[in-house]
Each structure stands twice: as structure tokens, then as C-alpha cells.
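# Descriptive analysis of the structure
As a plain string of letters, each chain reads:
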Amino acid sequence: MQNIGKVTRAMEAVSASKMRRAQEATLRSRAYAQLAGQVMVNLRANASAGESLHPLLSEHPQGKAGVLLVTPDRGLTGGLVLNIIRFAVREAEAAMGQDLAWVAAGKKGRDFLVRTGADLKGAFIAIPDAPNAADVTPIARLVIDGFLGEDFSSVHLVYADFISVVKQVPVIQQLLPVVLPDDIEPSKAVYEFEPSPEEVLDEVLPALVETRIYQAVLEAQASEHSARMVAMRNATDAAKELVDDLTLEYNKVRQSDITSEILDIAGGAEALRQSMQRS
């Protein structure tokens, strides 16, 4: 049990180190994601009045509603994985029905979807602990191609939003068609776009989808490491309490055995003394 406590303490320290790095990356990327939304609003406002909506901004009925589920690859995170999966299934089915197409980013989500026989369109595992944008490019390409084709009529993103070390909240967000922020007003400044706002939009929209997925992965990793750190701390405390309880019980049993032996010796000595007195 003491060895188990040492292992959980080591795992807690490793998770704490990874959590700090993931938290820093998450906070840095939030500002970038917000600025990307501002750029999109300005681009859309400067597009030609008669221009049709970009395909990634337009709804279409072809295909199933899709869900991109972001989960950890590993366990030992307390109830985090189960909470994310339950939330994803409940919220997605309530909003879009039971006929869903799924994409898994993370081994735990993939295993659940395979085990339940879900319509799994793709799975991505072993995402690095310190990912860069290129690590999520294949995920973005799969959902964008599926949306522009006939696999997905829409795509929603489910992940654990990092609030604090002790609080991670599952969230669901619409990824495709891209929804521009309602709370951002277009800038009143006049911009010139080369070659045109529409062509710039063609380049920026896929990058925005990739940025949102990247942000979700960073949030999910910060949540994972935080949950694992707390779980390992609780396991270490539980192991220490169990060792203390077992040590106390052992000492009680040992003291009882010693007392019993002393009584046996004292009883034998008394019997021998009385026998010698009678003789």
C-alpha cells in the first residue's frame, strides 16, 4: 500500500506539471480564437452584398448531424470521461435526434462509440500533450470535407471546458455551419482585401474551424490533466489513510498477542510456584 501511495504521488506530480503547461497554452489560444472571430465578422461585413453565403456558412440538408467528441486517451481522471460521454449523448440526441454520425478525438470516446455500435466516421488518438495546429489539421479536414460532401448536415463539438483545477464543464458548440459571434460588432474602419473578401473568406474559414478544434483540444487536455492530478491526490490521501488504519489494526493485534503471551507466562509461573509450595 505504501508503494501504491508513492506511485500515485509521482503521477500527481507529473499531471500537475502537464496541467500547468496545458493551462498556459489554453489561456494563450483563447485570445487568438476571439480575434479570429473578430476577423471573420469584418470579412463577412465587407463581402459583396449580392454574394451568396460561403458553403461553410450555409446550411444544407444532406447527410446526418455530426458530433466531434473530444475525450482523453487515458483513464485515471475520476468521473471526467464518463461525464463528457454522458453529456455528449444526452445533449446531441436531445438537439438532433438519435441518427447521428460521430468523429472521436481521443481513445476513450472512440472505445465507447465502437462498443455501442455508433456510426463512427473517423477516430484520432495519441494527440500529443503539447499539440500544435498541425496535429488537429486531419480532424478539421475530415469534418470540413464531410460537411461539404454528404456525410454531415451539421457538426457539433463536445469537449470539457477548463474552468479551474477542480472544475471542468462539458460543453457543446456548433462547429459547422460556422456561426459568427453575435456579440461582436463589425469594425467601422474601411479595409481593403486582396484579392477580395470572398477569396480571403475561402482561406480564413477553414482556418477558423481548425482554430476552434485546436482550442477545444487544448481545453480538453487542461481538463484531463487537472482531473487526473486531483484524482491521484485523492488516491494518495486514501492510501495514506488506509496505511494508518492498517498499522493501527496491526498494532492492536500485536499488542493483544503480547498480552496473551504475558498472561500465559504469568499463569504458568504461578502454577509452578503453587506446585512447589505444596511439595
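Everything quoted here is computed from the prediction, not taken from an experiment.

### Regarding the pairing of strand 5 (residues 167-176)
Here strand 4 (residues 152-164) pairs with strand 5 via 9 bridges, running antiparallel. Of the residues in strand 5, the one forming a bridge with Val158 is Ile172. Joining the antiparallel neighbours strand 4 and strand 5 is a turn of 2 residues.

### Here's the deal with a negative patch on the surface
Residues Asp237, Glu241, Asp245 and Glu249 make up a contiguous surface patch of negative charge. Counting through the fold element by element, Asp245 comes out in helix 5 (residues 197-278).

### Overview of the environment of Asp161
Assignment of secondary structure puts Asp161 in strand 4. Asp161 sits 61 residues away from Ala222 along the chain, and the two C-alpha atoms are 8.6 Å apart.

### Topic: the nonpolar core
Of all hydrophobic cores here, the largest spans 32 residues; its most connected members are Leu68, Val143, Leu175, Leu176, Val178 and Ile213. When residues of this core are traced back to their parent elements, those giving at least two are strand 1 (64-70), strand 2 (100-105), helix 4 (133-148), strand 4, strand 5 and helix 5. Considering each element in turn, this core owes the most residues, 10 residues, to helix 5. Among all residues touching Leu175, those that are not within four sequence positions of it are Leu68, Val143, Val155, His156, Leu157, Val209, Arg212 and Ile213.

### Digging into the sheet that holds strand 1
Strands pair in a sheet through their backbones, by hydrogen bonds, and they do so in one of two ways: parallel or antiparallel. As summarised here, the arrangement of the 5 strands in space is 3-2-1-4-5, forming an open sheet in which the pairing is mixed. Each edge of the open sheet carries a strand with a single partner, namely strand 3 (119-124) and strand 5. The average angle at which neighbouring strand axes cross in this sheet is 20°, direction not considered. Strand direction decides the pairing type here: strand 2 and strand 3, joined by 5 bridges, are parallel. Considered in strand 3, the bridge of Trp102 is made with Leu120.

### Section: the pattern of salt bridges
Tallying each qualifying case throughout the model produces 10 salt bridges. The closest approach of N and O atoms between Asp99 and Lys64, which form a salt bridge, is 3.2 Å. You can see Asp99 sitting in the loop between helix 2 (80-96) and strand 2 and its partner Lys64 sitting in strand 1, a full 35 residues away along the chain. You can call Asp99 exposed: its relative accessible area is 51%. A salt bridge links Asp111 to Lys107, with the shortest nitrogen-to-oxygen separation between them at 3.0 Å. Here the residue Asp111 and the residue Lys107 both occupy positions in helix 3 (residues 107-115), the gap between them amounting to 4 residues, near one helical turn. With a relative accessible area of 24%, Asp111 lands in the partly exposed category. In this structure Lys107 comes out as partly exposed when scored by relative accessible area, which is 34%. Beyond isolated ion pairs, a larger network of salt bridges with shared partners links Lys64, Asp99, Asp119 and Lys121.

Thresholds applied
- Residues numbered from 1 in each chain as written.
- Predicted model: local features only at pLDDT ≥ 70, side-chain atom pairs only at ≥ 80, totals over all residues.
- Heavy atoms only, no water.
- Pairing = 2+ DSSP bridges.
- Helix = DSSP H or I, 4+ residues; strand = E, 2+ residues; numbered from the N terminus.
- Patch = residues over 30% accessible without salt bridge, like charges linked within 9 Å, V, L, I, M, F, W, Y side chains within 5 Å.
- Areas by Shrake-Rupley, 256 points an atom, 1.4 Å probe, with all protein chains shown as cover.
- Salt bridge = Lys/Arg side-chain N within 4 Å of Asp/Glu carboxyl O.
- Lys, Arg positive; Asp, Glu negative; His and termini not counted.
- Charge placed at Lys NZ, Arg CZ, Asp CG, Glu CD.
- Core = buried A, V, L, I, M, F, W, Y, C linked by side-chain atoms within 4.5 Å.
- Buried < 20%, exposed > 50% of the residue type's maximum accessible area, 1.4 Å probe, protein only.
- Contact = heavy atoms within 4.5 Å.
- Axes fitted to C-alpha atoms, helices over the stretch in contact; angles between N-to-C directions.

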